[in-house]
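# A look at the structure
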Amino acid sequence: MSYIAHRVVRQHGFLVAFVCAAVVLAVLVVQTLVSFLISELSNLGSGSNYSVPWWSYYAPQLGTVLLPFAVGVLLSLWFIAPIAAELHVAHVITRSVLAAAVGGVLAVLVTIVASLIGMLSGGLMANLLATRLSGETVVSILGSAVGAGGQEFVSSTPVVILAGVLLWIWLERHPSKHPVSGIVDQA
């Protein structure tokens, strides 16, 4: 197993894609935390006693949306459509938008799985008998997941584009010794 993991990590372009995805994740985490803090301050300013523990909002957002989004960006920039120095800026932008779309789709899929696990985790048979996984429940889960992934795609695409353009500028100044290509380049 370690040979396979070692070989996958050593694939050309992995490190720059990983750093780019890590920067995107860091920006999204900071944005989410600042947004949460601002909403808490607005609750305090309005005299509302309603306060949500930060971990009850932040942990599910991080685990089901932000982290899968960043993993999707990583997979896209490394395996599907990597950014190379010889590309034009229009190609860099379209590959960055593709990376954001892959991240959004992965966030939708993880949110669906997490919702199903959360629904069924209180006692598998009791929950199955109580909810019977009705069509209404499935539509609700799908709608919530598509809404979360779609919202993350819309709000995070500018961050991914900026990270892609900055990566492209860095790659122009630090040329790779090996050609980098992805699935899009081989078609």
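First, a word on scope: everything that follows refers to the structure included in this document. (Residues numbered from 1 in each chain as written. Predicted model: local features only at pLDDT ≥ 70, side-chain atom pairs only at ≥ 80, totals over all residues. Heavy atoms only, no water.)

The subject of this paragraph is the overall build of the chain. Of regular secondary structure, the chain possesses seven helices and zero strands. Ordered by position in the sequence, the α and β elements of the chain form the string α-α-α-α-α-α-α. Every one of the 187 residues in the chain was classed for burial, and the buried ones make up 30%. Put simply, 80% of the contacts in the chain that link residues at least 6 apart link residues at least 24 apart. When the accessible surface of the chain is totalled, it reaches about 11400 Å², and 72% of it is carbon and sulfur. (Helix = DSSP H or I, 4+ residues; strand = E, 2+ residues; numbered from the N terminus. Buried < 20%, exposed > 50% of the residue type's maximum accessible area, 1.4 Å probe, protein only. Contact = heavy atoms within 4.5 Å. Areas by Shrake-Rupley, 256 points an atom, 1.4 Å probe, with all protein chains shown as cover.)

Attention shifts here to a nonpolar patch on the surface. Taken together, L15, F18, V19, V23 and V27 make up a surface patch of nonpolar side chains, about 440 Å² in accessible area. Within the fold, V19 resides in helix α2 (residues 14–45). (Patch = residues over 30% accessible without salt bridge, like charges linked within 9 Å, V, L, I, M, F, W, Y side chains within 5 Å. Salt bridge = Lys/Arg side-chain N within 4 Å of Asp/Glu carboxyl O.)

Burial of nonpolar side chains together is a common tendency in soluble globular proteins. V24, F69, V73, L77, I83, V92 and V160 are the most contacted members of the largest nonpolar core, which has 27 residues in total. Within the residue set of this core, elements represented by two or more residues are α2, α3 (54–80), α4 (89–120) and α6 (135–173). Core analysis: the second largest hydrophobic core is formed by five residues, I112, M119, I141 and A145 among them. (Core = buried A, V, L, I, M, F, W, Y, C linked by side-chain atoms within 4.5 Å.)

A word on the packing of aromatic side chains. Scanning the model with the defined rule gives three aromatic pairs in all. Aromatic pair F14 and F18: ring centres 5.9 Å apart, planes at 20°, arrangement stacked. Note that F14 and F18 are positioned in helix α2 at a spacing of four residues, about one turn of the helix. Note on F14: relative accessible area 15%, which makes it buried. Arranged with centres 6.1 Å apart and planes meeting at 50°, the rings of W78 and F79 form a pair that is tilted. Given the relative accessible area of 12%, W78 is considered buried. Look at F79 and you get partly exposed, because its relative accessible area is 47%. Among the aromatic residues, ring-to-ring pairing joins F14, F18, W78 and F79 into one connected group. (Phe/Tyr/Trp six-rings, centres within 6.5 Å; stacked < 30°, edge-to-face > 60°.)

What follows is about the layout of surface pockets. By volume, the largest pocket is sized at about 630 Å³. Along the wall of the largest pocket there are 29 residues; nearest its centre are L15, V16, L167, W170 and L171. Mapped by element, the contributors of at least two residues to the lining of the largest pocket are α2 and α6. With eight residues, the top contributor of residues to the lining of the largest pocket is α2. (1 Å grid on protein atoms, 1.4 Å probe; cavity = no way out; pocket = protein on both sides within 12 Å on 5 of 7 lines; lining within 4 Å. Points joined across faces, edges and corners; volume = space filled by probe spheres on them.)

Note on placement: I93 falls in helix α4. Sequence-wise, I93 and I161 are 68 residues apart; in three dimensions their C-alpha atoms are separated by 5.8 Å. Excluding its chain neighbours within four sequence positions, the residues that come into contact with I93 are I161 and V165.

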